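# Observations on the three-dimensional arrangement
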Amino acid sequence: QVQLVESGGGLVQAGGSLRLSCAASGRTLSSYRMGWFRQAPGKDREFVATISRYGETTAYADSVKGRFTISRDNAKSTVSLQMNSLKPEDTAVYYCAARWSYISGVVTTTVGYNDWGQGTQVTVSS
């Protein structure tokens, strides 16, 4: 099990930017594919972005593609989500998640992600 703690959430105006960070501990981060998910009030948790173990590949939800960038620094055991051109519909609690790299199947859903952070609130006004 890897422990994950998100930070960097807050209130930002539409069109603004925010950078989320996920700090990992307890395991070597490179053992995991990492993902960001979000959940708005009354809605299901949805996929935002994912990055492979060493950052070779990334994938994004259509709703954030071109605006968000996921990255990782295995030496620092951190994963980041740079969010630009934020929209009110981006408002949600954002979660960092870890997935064993050998697990087969789709990586753009919550299924298969073993460990989760507590979440950080992102609110986009206007």
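Our structure is the block above this text.
These notes cover the structure that comes with them. (Residues numbered from 1 in each chain as written. Predicted model: local features only at pLDDT ≥ 70, side-chain atom pairs only at ≥ 80, totals over all residues. Heavy atoms only, no water.)

Before going further, it helps to examine the overall build of the protein chain. Regarding its fold elements, the protein chain presents 0 helices and 11 strands. When the helices and strands of the protein chain are listed from N to C terminus, the series reads β-β-β-β-β-β-β-β-β-β-β. For 126 residues, the compact-globule formula gives about 14 Å, and the C-alpha radius of gyration of the protein chain, at 13 Å, lands near that figure. Dimensions of the protein chain, computed from the C-alpha atoms along their principal axes, are close to 40 × 30 × 25 Å. For the protein chain, the proportion of contacts with a sequence separation of at least 24, taken over those separated by at least 6, is 58%. Only carbon and sulfur atoms are counted for the fraction: they give 48% of the accessible area of the protein chain, which is about 6200 Å². (Helix = DSSP H or I, 4+ residues; strand = E, 2+ residues; numbered from the N terminus. Rg over C-alpha atoms; globule rule 2.2 N^0.38 Å. Contact = heavy atoms within 4.5 Å. Areas by Shrake-Rupley, 256 points an atom, 1.4 Å probe, with all protein chains shown as cover.)

Within the open sheet, the 4 strands sit side by side as β1-β3-β8-β7. Their pairing is antiparallel. Sheet topology places β1 (3-7) and β7 (68-73) at the edges, where each strand pairs with a single neighbour. Taken pair by pair, the neighbouring strands of this sheet meet at an average axis angle of 15°, ignoring direction. As defined by bridge partners, β7 adjoins strand β8 (residues 78-83) across 6 bridges and the pair is classed as antiparallel. Counterpart to Asp73 in the pairing with β8 is Thr78. (Pairing = 2+ DSSP bridges. Axes fitted to C-alpha atoms, helices over the stretch in contact; angles between N-to-C directions.)

Each aromatic ring pair is specified by the distance between its two centres and by the angle formed by the two planes. In total, this model carries 6 aromatic pairs according to the counting rule given. The interplanar angle of 70° and the centroid separation of 5.9 Å between the aromatic rings of Phe37 and Phe47 together place this pair among those described as edge-to-face. Separated by 10 residues along the polypeptide, Phe37 in strand β4 (residues 32-39) and Phe47 in strand β5 (residues 46-51) bring together distant segments of the chain. As far as the burial class goes, Phe37 and Phe47 line up, both buried. Aromatic rings pair up to connect Phe37, Phe47, Tyr113 and Trp116 into one cluster. Cation over ring: Arg45 sits above Tyr95, and NZ or CZ is 3.6 Å from the ring centre. (Phe/Tyr/Trp six-rings, centres within 6.5 Å; stacked < 30°, edge-to-face > 60°. Buried < 20%, exposed > 50% of the residue type's maximum accessible area, 1.4 Å probe, protein only. Lys NZ or Arg CZ within 6 Å of the ring centre and 35° of its normal.)

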